[in-house]
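What follows is the residue order along each chain.
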Amino acid sequence: MKIMKFGGTSVGSAERMGAVSQLIPAREPVIVVLSAMSGTTNHLVQIGQQLAQAEKAPAASLTDQLEQRYKQVVAELYKQEASKDKAKQVLSTVFTDIRTCLEQPFSPAIEKIILAQGELLSTQLFQIFQEEQGIASVLLPALEFMKITQDEEPDMAFIRENIQKQLAQYPDTHLFITQGYICRNAKNEIDNLKRGGSDYSASLIGAAVKASEIQIWTDIDGMHNNDPRVVKNTYPIAELSFDEAAELAYFGAKILHPSSILPAQQQNIPVRLLNTMQPEAAGTIISSKRSGNQIKAVAAKDGITAIKIKSSRMLLAYGFLRSVFEVFERFKRLLI
Ligand code: ADP
Ligand code: ASP
Ligand code: MG
């Protein structure tokens, strides 16, 4: 089984969805993990913010705008009336759900239901598109298997057991489509794996099914030696070890969600970063193989607070560092 994750830009328009479809191998078993179409999650975040400020009218108008965009996508994506009707039904359900949320007083749980709609839309629209192309596929509902614990860590045993159960229902299916980013939490509410979390979903799913490879398809030809949004003339790195890639992701290389390497590394599954706009490019392969000792890339992160801790009684003052770390634990802040 191979995992192919496509990010927001890769499914950002009717045309891009068509291109993605061409990249999926015909007969190999594949789980396709999709992000929301680009801009959608940001738009949903804005709707949530308006609701949080009890600004119902702007929230409703943002919802109308988003629905208009999706109506346009539906008009462009499908040729057959039957597909258009199915897709319109999807829009109707999703946008009714969002509007129902807007009727309720704000709560973090309501906000997360709103945020989940982007991936629910992209996957359903893509599956109808596959059907129109005559390609058999099954939509795997991520909310049935992707779960986080009370500590917001993936519940790997639950994920493994439940995705296997889902897959076992369709022994003759080669192509599965599922949502990135969304999950359930310990209270069984709809939740998510934080921004950019579809990469993490792909890696968790890959680990759960012991995939042969996890492919992360995005809008650039692999991990570059520096952030191309900041530095000119960057170039892709052909090979990285799991440790190198994890460190770059953790310290700000936005191409990967910070936690997305670990599940793959634990199962020794290679992760390949590829470009949907340039599928023939080699991209980056991330594996257990180590190559060279030289520095391969530089990453940077904003919003870091450096804390300098000094104690005149450090010598033999056991328990000092424990008290420092306990403060971070109490406030659930990361220490890097
Ligand atoms: P997706 O929507 O496919 O998940 P992202 O926007 O999350 O894509 O990640 C891809 C983007 O990450 C690139 O377009 C690039 O601007 C940015 N990026 C930051 N640092 C790097 C890096 N070192 N190498 C490649 N891309 C990087
Ligand atoms: N749609 C989510 C986001 O924009 C998850 C993802 O794209 O990975 O953050
Ligand atoms: Mg991303």
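Our structure is the block above this text.
All residue numbers here refer to positions counted from 1 along the written sequence of the relevant chain. Think of it this way: whatever chain is written first is A, whatever ligand is written first is 1, and the rest follow in order. In keeping with the predicted nature of the model, local features appear solely for residues at pLDDT of at least 70, side-chain atom pairs appear and are counted solely at 80 or more, and the whole-chain, interface and lining totals rest on all residues. Here the side-chain values reflect all heavy atoms present in the structure, with hydrogen atoms and water set aside.

Novice: Help me understand the overall build of the chain, please; the structure alone is not making it clear to me.
Specialist: The secondary structure listing takes helices from DSSP runs of H or I that are at least 4 residues long and strands from runs of E that are at least 2 residues long, numbered from the N terminus. Secondary structure summary: the chain contains ten helices and ten strands in total. This radius of gyration counts C-alpha atoms alone. The globule rule is 2.2 Å times how many residues there are, raised to the power 0.38. On C-alpha atoms alone, the chain measures out to a radius of gyration of 21 Å, which is about the 20 Å that the 2.2 N^0.38 rule sets for 336 residues. Reported as C-alpha extents along the three principal axes, the dimensions of the chain are approximately 75 × 50 × 45 Å. For the chain, with 336 residues in total, the buried portion stands at 47%. The contact criterion used is simple: two residues touch if any of their non-hydrogen atoms lie within 4.5 Å. Here the contacts in the chain between residues at least 6 apart in sequence split such that 73% fall between residues at least 24 apart. On the chain, roughly 17,700 Å² of surface is accessible, and the fraction owed to carbon and sulfur atoms is 52%. To sort residues, take the accessible area from a 1.4 Å probe on protein chains only and compare it with the maximum for the residue type: under 20% means buried, over 50% means exposed, and anything in between is partly exposed. In this description, accessible areas are obtained by the Shrake-Rupley approach with a 1.4 Å probe, and a residue is regarded as covered only by the protein chains that are shown.

Novice: Looking at this structure, how should I read the site of ligand 1?
Specialist: By convention in this text, a residue qualifies as near a molecule or strand provided that one of its non-hydrogen atoms is within 4 Å of it. Around ligand 1, 16 residues are found, and the nearest of them are K5, T218, D219, H224 and K254. Under this definition, polar contacts are N or O atom pairs within 3.5 Å; protein pairs additionally need one hydrogen-donor-capable and one acceptor-capable atom, and for neighbouring residues in sequence, both atoms have to be side-chain atoms. Contact distances for ligand 1 include 2.8 Å between an oxygen atom and a side-chain N or O atom of D219. In this structure, H224 approaches ligand 1 through a main-chain N or O atom, which is 2.8 Å from a nitrogen atom. When isolated, ligand 1 has an accessible area of 580 Å², and the protein chains bury 87% of it.

Novice: Please clarify how the sheet that holds strand 10 (residues 284–287) should be interpreted in this entry.
Specialist: The rule for pairing is simple: two strands pair if DSSP sees at least two bridges between them. Ordered in space as 3-4-2-1-7-9-10-8, the eight strands form an open sheet in which the pairing is mixed. Edge positions in the open sheet fall to strand 3 (138–140) and strand 8 (239–241), since each of these has one partner strand only. Ignoring strand direction, the axes of neighbouring strands in this sheet form an average angle of 20°. Here five bridges tie strand 7 (residues 213–218) to strand 9 (residues 271–275), and the two strands are oriented parallel to one another. Within the sheet, the bridge partner assigned to I214 lies in strand 9 and is V271. Axes here refer to lines fitted to C-alpha atoms; in helices the fit is confined to the stretch in contact. Angles between the N-to-C directions go from 0 to 180 degrees.

Novice: What is the right way to look at the state of the cysteines in this model?
Specialist: Every disulfide links exactly two cysteines, by a covalent bond between their sulfur atoms. Criterion for a disulfide: a pair of cysteine sulfur atoms within 2.5 Å. In total, this model carries zero disulfides according to the counting rule given. As a non-bridged cysteine, C101 has C183 as the owner of its nearest cysteine sulfur, 16 Å distant. The exposure class of C101 is buried, given its relative accessible area of 5%. Judged by relative accessible area, which is 0%, C183 ranks as buried.

Novice: I'm lost on the packing of aromatic side chains in this one. Help?
Specialist: Geometry of an aromatic ring pair is reported as the spacing of the ring centres plus the angle between the planes. Classification of ring pairs rests on two measures: the distance between centres of Phe, Tyr or Trp rings, Trp counted by its six-membered ring, which must be within 6.5 Å, and the angle between planes, read as stacked under 30 degrees, edge-to-face over 60 and tilted in between. Applying the stated rule across the entire model yields four aromatic pairs. We note K301 situated over the ring of Y250; from NZ or CZ to the ring centre the distance is 4.7 Å. In our convention, an over-ring charge means Lys NZ or Arg CZ found within 6 Å of a ring centre and within 35 degrees of that ring's normal.

Novice: Could you clarify how one ought to interpret the site of ligand 2 in this entry?
Specialist: The immediate surroundings of ligand 2 are formed by S35, A36, T41, E119, Y181, R195, G196, G197 and S198. Interatomic distance of 3.2 Å between a side-chain N/O atom of S35 and an oxygen atom of ligand 2. Notes on ligand 2: free accessible area 260 Å², of which the protein chains cover 86%. Along the lines of polarity and charge, the residues of the shell around ligand 2 split into two nonpolar, five polar and two charged. For this classification, Asp, Glu, Lys and Arg are treated as charged, while Ala, Val, Leu, Ile, Met, Phe, Trp, Tyr, Cys and Pro are nonpolar and the rest, including Gly, are polar.

Novice: Got a minute to help me understand helix 7 (residues 198–209) in this structure?
Specialist: Residue pairs three or four apart in sequence face the same way in an α-helix, which turns once every 3.6 residues. If you check helix 7, its first and last C-alpha atoms are 16 Å apart, about what twelve residues at 1.5 Å a residue would give, namely 16 Å. The element helix 7 is extensively covered by neighbouring structure, given that twelve of its twelve residues are classed as buried. Looking only at helix 7, the buried set comprises S198, D199, Y200, S201, A202, S203, L204, I205, G206, A207, A208 and V209. One or two steps after helix 7, the chain reaches K210, where phi turns positive at roughly 50°. For a helix, the expected span equals 1.5 Å multiplied by the residue count minus one.

Novice: Can you walk me through the pairing of strand 2 (residues 30–34) in this structure?
Specialist: Among the five residues that make up strand 2, five are buried, leaving the element largely enclosed by the rest of the structure. Two strands pair when backbone bridges link them, and strand 1 (residues 2–6) and strand 2 are joined in this way by five bridges, in the parallel orientation. If you follow I3 over to strand 2, its bridge partner there is I31. We call a crossover right-handed when, viewed with the strands running away from us, the connection from the first strand over the helix to the second turns clockwise. Taken together, strand 1, helix 1 (residues 14–23) and strand 2 form a β-α-β motif whose crossover is right-handed. Here five bridges tie strand 2 to strand 4 (residues 175–179), and the two strands are oriented parallel to one another. From the neighbouring strand, V33 faces strand 4, where its bridge partner is T178.

So yeah, pure geometry; function would need other evidence.
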